[in-house]
Amino acid sequence: MPHSISPESTPIDDPAPTTSQIDTASHARSHADVHSQDQDVAMGEADNADAEQSKVKLEELFDDEDSDEEFPSSAPQVKSEDEEEEEAPTTPINISSKTSFSDPEIMRAFYQRLFPFRYLFQWLNHSPNPSDGVDFKHREFAFTLPNDAYLRYQSFPTADLLRRQCIQLLPSRFEIGPVYSTNPRDRKTLRKASAFRPVSKELVFDIDMTDYDDIRTCCTGANICHKCWAFITMAIKVVDVALRDDFGFKHILWVYSGRRGAHAWVCDKRAREMDDAKRRAVAGYLELLKGGDQSGKKVNVRRPLHPHLDRSLNILKEHFQTSILLDQDPWAGEKCAHLLQLLPDPSLKAALQRKWDSAPSRPSASKWADIDAVAKSGALSKTSKDLLEAKQDIVLEYTYPRLDAEVSKKLNHLLKSPFVVHPGTGRVCVPIDTRKVEEFDPLEVPTVTQLLSEIDEWEGGDEDDRKVADWEKTSLKPYVDYFRGFVSGLLKEGGAKRNRDEVDSMEF
Amino acid sequence: MSVAYSRVDPKRRAHIDPKKRQFAKAEFAQQHYDHRLNFYEIPPTAEITLEEFETWAINRLKVLSELESCSFRNRSPDETAEYMKPILAKYLPLQPNSTSSQQLQEERKKDHYSHFILRLAFSSIEDLRRRFSRLETMLFKLRYRDDDPRERRAFVQSLKLDWEEVGEAEKRELKEQLLAAAGLKKVPTAEEMEWFKVDWERVPDLVEQRRVFVKRGVAYVPQREQMSLVLAEFTKRLDAALELTSRALPRLDEDDRLSPILAHLSQSFTTPEASYSESSSLNGLSALTAASIDSLQPSFPLCMSHLHSTLRRDSHLKHFGRLQYTLFLKGIGLSLEECILFWRRSFKLITDDKFAKEYRYNIRHAYGDVGGDANRRGRGYTPYSCQKLLTEPLPGPGQAHGCPYRTFAPDNLIAVLQREGVTDRETLKSVREDVGKQRFHVACNRVFEWSHRREIKKVREAGTWSAADLDTIVHPNTYFKRSWLLRHLGEGNAGVVQHQEGERMEE
């Protein structure tokens, strides 16, 4: 990982501390090089939490002043005073079963101690160095504030300023938009409106369980369980392999959306630079189900099947047996009418109808098997090939990914950032490791309150003289580690090229 | 471009260094056209008269407008070709080399020049540029399709597009996938067994429709899909050239002979798209309120009626359905306040708070009450025309927008029509045929004519309505307006009349 130039090593102006800060600041600095004692100091102060509280409020007012401390979670050696002091009041008070996820104190602690701003920055900047390029500087962020106001066109030169803004405004979530041709904050000062246009953004996908509502029998609305999460697992498998094998994309980040869906961020340079027509093309390539509620059969594909669909069908077949027929049981009782509607053959339909009418409690798996059995017994008036194709179409209708394609088609569409907290569930939008996609369990994803209490419960000492960052003390660690690995893979690709550029410019 | 009967433009003349003038190639030479098709890469340099300048441009404009109306009417490529044939022969003929006609070079010159004149006229505004590029691509496609195969191949070769042919070994290895992606069943002919490789980004429309095999970012394009590649290239180059022209355009202003013609040309390229102006809202229909929408449903076209019924059934509509319906309501004259009230009451299941946060803004945006400058000045969006509804992507699961004649399975469509009171078997049969041929608006007009047959007969006999008043309907709001007027014949300014509607109220 090209971390030799890490952001915290870049010199940043250190404004003169204000009078109210001087005593604590010098106190903190005196400890700056004595790592092992640092922790003790923090602990000691925790006991004086009540006494410190008024002071903490004061410190917040000076948030803007203090900018020498960028990434507390990854650079704890230079811990500055405001963190230590805010740790004290936040930890004991906030963790109770009644606390709401969007409680301001919880959100503040989350942004201060857990959110991996550093890796988010590197991910979006495609370089660890803030002075490299404008990918981060001109990137739009949009905040949803605690009062539900929506604040668009925010942009930040560094990760630290983004973090600062988050701590100040405590957004319940924030979204990431495209990189613009100029700084989004300057858009109104431009002479010509056309000088402000989106230039690049990751190719994104959004899969949401609402689109499965007509075939989902286990839960409704915002609820999910393991049975219906299988829909998302299937979708991830199919889309991921198509993006890699067909389009040749390598850097694909899947993220749990916090409740009942998943997002994909395709970060390859080639994907980021696609215009709307190309985004539409990829979305169209992956989209299969057409037609609203009244259109009857939703899958109508020509034969022979396109290689992408053929491969998808092979992936989905086994899921169909278990996740659909057994778990969802989609044609129980009266609901078999829809299955009949999807079959092309009138005489077969009639025979099946008779059979199922006499056995209303027959499970879907048996009904599915009945189709072939009844067809074999001579009730088929069309060719067996027609029936096979109709059955393939049915498998696809029940398993093929249902994308919210509009999200993918536009360069300037915003999508919720990874690692923010879902306001409804409190769960963190963690990345999903596609190598272990089957093992991912949305109900096991840590909630923000759980993570904060894990920090408190953590009992390890400092290993190898190294301060342990807060996120490392929690079950967020594997997810941040995965994200870090992903980002470093992405940077390696971009980094090699940049070095060459630098050499070129030196020769000038 | 320079125009005859005057001296050479002094600015142009200065381009040639006096010392080199004798060696320079004649700048205003007549171009020779080897191919019938033209990518319009080289601007014309020879002189033409002002009259030619104007007539040629007008002729081409005529062709382009007819093409545009074909696309609005949703004609299939074959129907369009058939329809355009006499028009092209009259205004912009182009004959193949094989005819060895005397006119050959003259025709091609006219095609070449008229293209560049219109390019000048339409490059100033982005909207016009986009339309021009779309229509020129359509025209090129039309000609490409009916070009002689041999001449077409020669033309494509002259373009020197860098395409890599797929070698035999690779073909053998990928045979199955290649054939499947191309949609070929067994035993392909020799020509069908030819593919070439390009980056998939160059053939986005083929990728979108899954008509090519894609592997690691490379698309394997079958020979017969070459057209799509050539077209993409044509559009790409034209768009780039238009952009350049628009920047160079201000310098042309000094020429007081050309600019009036160009200005006139670009004005006459007015949109034939059926737009719906607010001035045409109905006299008799005063003070529309949120509560009166239900009573108007019998006059709604099926697309809106379906949205309304879905809304009443689910107490909700998804985004595109809301947008389509809001704009329609705006078009029939529902005020913003009443429209917000209408949606608020219709979304029975959600709280005021959620409504205010998630829905109110979009309604106001559609009315132009909020949003950017351009949106407000334009008073929001225009109600969607049939053309718009017919060319949009199909709705997905749970969505109800679009044109039902297009989005419904025929059986469901017939069932819905029957529920709406269309009982005539002949009409239903014809509707099924129309829909099968993808003539959705014809089907819709057919239903209209049947449902209003008595009224139409009456106005025809009385001669109170002109033929234009009964022209084909191409806008949902026109459908409503005409239906409402027919249902309220002779009532003058009657206001919203509810007692009349009883017979067809089904909901």
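All residue numbers refer to positions counted from 1 along the written sequence of the respective chain. Think of it this way: whatever chain is written first is A, whatever ligand is written first is 1, and the rest follow in order. Per-residue local features of the predicted model are confined to residues with pLDDT of at least 70, and side-chain atom pairs are confined, for both listing and counting, to 80 or more; whole-chain, interface and lining totals are unaffected and use all residues. Side-chain calculation: all heavy atoms of the structure are included, whereas hydrogens and water are not.

## A word on the overall build of chain B
Thinking step 1. Strands are runs of DSSP state E lasting at least 2 residues, helices are runs of H or I lasting at least 4, and numbering of each runs from the N terminus. In terms of helices and strands, chain B carries 25 helices and four strands.
Thinking step 2. The rule is simple: take the accessible area with a 1.4 Å probe, protein chains only, and divide by the maximum for that residue type; under 20% is buried, over 50% is exposed, in between is partly exposed. Buried residues in chain B amount to 47% of all 507 residues.
Thinking step 3. By definition, residues are in contact when any of their heavy atoms lie within 4.5 Å. For chain B, the share of sequence-separated contacts (at least 6 apart) that also reach a separation of at least 24 residues comes to 68%.

## Some points on the state of the cysteines
Thinking step 1. Cysteine sulfur atoms are paired as a disulfide whenever they fall within 2.5 Å. Here the structure, examined in full by the defined rule, presents zero disulfides over all chains.
Thinking step 2. Cys444(B) provides the cysteine sulfur closest to Cys386(B), a residue in no disulfide bond, and the two sulfurs are 6.1 Å apart.

## Let's talk about helix H15 (residues 336-346) of chain B
Given 3.6 residues to a turn, an α-helix orients residues that are three or four positions apart in the same direction.
Thinking step 1. Those residues of H15(B) not exposed but buried are Leu336(B), Cys339(B), Ile340(B), Phe342(B), Trp343(B), Arg344(B) and Ser346(B).
Thinking step 2. On its buried face, H15(B) sits against helix H12 (293-296), helix H13 (302-314), helix H14 (319-331), helix H16 (352-358) and helix H17 (360-366) of chain B.

## Some thoughts on the interface of chain A and chain B
Thinking step 1. In this complex, chain A contributes 39 residues to the contact, which on the side of chain B involves 39 residues.
Thinking step 2. For any pair of parts, buried area is found by adding up, for both, the accessible area (1.4 Å probe) each one loses once the two are put together. Both faces combined, the contact of chain A with chain B buries some 3,000 Å², and carbon together with sulfur accounts for 55% of it.
Thinking step 3. The term salt bridge refers to a pairing of a side-chain nitrogen on Lys or Arg with a carboxyl oxygen on Asp or Glu at a separation within 4 Å. Between the two partners, chain A and chain B, sit three salt bridges.
Thinking step 4. Between Glu201(B) and Arg270(A) there is a salt bridge, with the nearest N and O atoms lying 2.7 Å from each other.
Thinking step 5. Polar contacts, as used here, are pairs of N or O atoms within 3.5 Å; protein pairs need one atom able to donate a hydrogen and one able to accept it. Residues neighboring in sequence count only if both atoms are side-chain atoms. Scanning the region where chain A abuts chain B turns up 12 residue pairs in polar contact (both at pLDDT 80 or more).
Thinking step 6. Broken down by secondary-structure element, the contributors of at least two residues to the side of chain A that touches chain B are helix H8 (226-246), helix H10 (276-286), helix H11 (307-328) and helix H16 (405-409) of chain A.
Thinking step 7. Looking at which element gives the most residues to the side of chain A that touches chain B, the answer is H10(A), with eight residues.

## Comments concerning the side chain of Lys409(A)
Thinking step 1. Looking at the secondary structure, you find Lys409(A) in helix H16.
Thinking step 2. We classify Lys409(A) as buried; its relative accessible area is 11%.
Thinking step 3. For Lys409(A), the residues in contact, after removing those within four places along its chain, are Asp276(A), Arg279(A), Arg280(A), Ala283(A), Glu287(A) and Pro393(B).

## Quick word on unusual backbone geometry
Residues and elements named next belong to chain A.
Thinking step 1. Pro304 follows Arg303 through a cis peptide bond whose omega is -5 degrees.
Thinking step 2. Among the structural elements, Pro304 can be located in the loop between H10 and H11.
Thinking step 3. Even without being glycine, His126 reaches a positive phi, approximately 60 degrees.
Thinking step 4. One can find His126 in the loop between helix H6 (117-125) and strand E1 (139-144).
Thinking step 5. The backbone phi angle of Leu170 is positive, close to 45 degrees, even though this residue is not glycine.
Thinking step 6. Along the chain, the position of Leu170 falls in the loop between helix H7 (159-169) and strand E3 (173-180).

## Digging into the sheet that holds strand E7 (residues 261-266) of chain A
Thinking step 1. A sheet is described by the order of its strands in space; here four strands give the open sequence E5-E7-E6-E9 (chain A), paired in antiparallel fashion. At either end of the open sheet lies a strand with only one pairing partner, and these are strand E5 (203-208) and strand E9 (431-432) of chain A. Note on pairing: two strands pair once DSSP finds at least 2 bridges between them.

## Brief notes about the pairing of E7(A)
Residue and element names in this part refer to chain A.
Thinking step 1. Extensive coverage of E7 is indicated by the burial of six of its six residues.
Thinking step 2. Taking every second residue as pointing to the same face, both faces of E7 are buried, with Gly261, His263 and Trp265 on one and Ala262, Ala264 and Val266 on the other.
Thinking step 3. Two strands pair when backbone bridges link them, and E5 and E7 are joined in this way by six bridges, in the antiparallel orientation. Within E7, the position partnered with Asp208 by the bridge is Gly261.
Thinking step 4. As paired strands, strand E6 (residues 252-256) and E7 are joined by five bridges and run antiparallel to one another. In the sheet register, Leu253 faces E7, and the bridge partner there is Trp265.
Thinking step 5. The turn linking E6 back onto E7 is made up of four residues, and Gly258 within it adopts a positive phi angle of 100 degrees.

## Section: the UniProt feature "binding site: [4Fe-4S] cluster" (unreviewed entry) in chain B
All names here are of chain B.
Thinking step 1. UniProt positions are given in the numbering used here, feature names are shortened, and annotations may be inferred rather than shown by experiment. Following the UniProt record, one finds the feature "binding site: [4Fe-4S] cluster" (unreviewed entry) at Cys303, Cys386, Cys403 and Cys444. Spatially, the listed residues are clustered: although they cover 142 residues, their C-alpha atoms lie within 10.1 Å of one another.
Thinking step 2. Secondary-structure assignment places Cys303 in helix H13.
Thinking step 3. Residue classification places Cys303 among the buried positions, given a relative accessible area of 8%.
Thinking step 4. If near-sequence neighbours (up to four positions away) are discounted, Cys303 is found in contact with Gln324, Leu389, Gly402, Cys403, Pro404 and Pro476.
Thinking step 5. As for its placement among the helices and strands, Cys403 is situated in the loop between helix H19 (386-391) and helix H20 (404-407).
Thinking step 6. Once you skip the residues sitting within four places of it in the chain, Cys403 turns out to touch Cys303, Leu389, Leu390 and Phe440.

## Comments concerning the side chain of Asp211(A)
Thinking step 1. If you trace the backbone, Asp211(A) turns up in the loop between E5 and H8.
Thinking step 2. Charged residues are defined narrowly, with Lys and Arg counted positive, Asp and Glu counted negative, and His plus the chain ends left uncounted. For the buried Asp211(A), which has no salt bridge, the nearest side chain bearing the opposite charge is Lys318(B), at an N-O separation of 4.1 Å.
Thinking step 3. If we ignore the near neighbours within four places in the chain, the residues touching Asp211(A) are Arg402(A), Asp404(A), Lys318(B) and Pro397(B).

## Things to note about the pattern of salt bridges
Thinking step 1. Under the criterion given, the structure shown has 55 salt bridges over all chains.
Thinking step 2. A salt bridge links Glu273(A) to Lys269(A); its shortest N-O distance comes to 3.0 Å.
Thinking step 3. Exposure remark for Lys269(A): the relative accessible area of 43% places this residue in the partly exposed category.
Thinking step 4. Taking the shortest distance from any N to any O, the salt bridge between Arg364(B) and Asp369(B) comes out at 2.8 Å.

## Notes on the sheet that holds strand E1 (residues 164-165) of chain B
Thinking step 1. One open sheet accounts for four strands, arranged E1-E2-E4-E3 (chain B); its pairing is antiparallel. The sheet is open, and its two borders are formed by E1 and strand E3 (213-215) of chain B, each paired with just one other strand.

## Some words on the packing of H11(A) against helix H14 (residues 364-379) of chain A
Packed helix pairs are characterised by how far apart their axes lie and by the angle those axes make with each other.
Residue and element names in this part refer to chain A.
Thinking step 1. Relative orientation of the contacting elements H11 and H14 amounts to 125 degrees, with a least axis distance of 8 Å. Here H11 is positioned oblique relative to H14, judged by the angle of their axes. Counted together, Phe320, Gln321, Leu325 and Leu326 of H11 and Ser364, Ala365 and Trp368 of H14 form the full contact between these two elements.
Thinking step 2. Note that Gly is not counted as nonpolar here; it falls among the polar residues with everything else outside the nonpolar set of Ala, Val, Leu, Ile, Met, Phe, Trp, Tyr, Cys and Pro and the charged set of Asp, Glu, Lys and Arg. Its residues placed into classes, the contact of H11 with H14 shows five nonpolar, two polar and no charged. In this analysis, axes come from line fits to C-alpha atoms, helices being fitted only over the stretch in contact, and the angle between any two N-to-C directions falls in the range 0 to 180 degrees. Here is the rule for angles: anything less than 35 degrees is roughly parallel, anything more than 145 is roughly antiparallel, 65 through 115 is roughly perpendicular, and the remaining ranges are oblique.

## Things to note about the environment of Lys62(B)
Thinking step 1. Looking at the secondary structure, you find Lys62(B) in helix H2 (residues 50-72).
Thinking step 2. Placed 26 residues apart in sequence, Lys62(B) and Leu88(B) show a C-alpha to C-alpha distance of 9.4 Å.

## Overview of the packing of aromatic side chains
Thinking step 1. Side-chain rings of Phe, Tyr and Trp, where Trp is taken by its six-membered ring, are said to pair if the distance between their centres is within 6.5 Å; with planes under 30 degrees apart they count as stacked, over 60 as edge-to-face, and otherwise as tilted. Scanning the entire structure with this criterion turns up 54 aromatic pairs over all chains.
Thinking step 2. Residues Phe320(A) and Trp331(A) carry aromatic rings whose centres are separated by 6.4 Å and whose planes lie at 55 degrees to one another, so their mutual orientation is tilted. Separated by 11 residues along the polypeptide, Phe320(A) in helix H11 and Trp331(A) in the loop between H11 and helix H12 (336-342) bring together distant segments of the chain.
Thinking step 3. Residue Phe320(A) is classed as buried on the basis of its relative accessible area of 2%.
Thinking step 4. On the basis of relative accessibility, which here comes to 0%, the residue Trp331(A) falls in the buried class.
Thinking step 5. The ring centre of Tyr153(A) lies 4.5 Å from the NZ or CZ of Arg152(A), which sits over that ring.
Thinking step 6. In this structure, Arg152(B) packs its charged tip against the face of Tyr144(B), placed 5.1 Å from the ring centre. Placement of a charge over a ring requires the Lys NZ or Arg CZ to be within 6 Å of the ring centre, with the centre-to-atom vector within 35 degrees of the ring normal.

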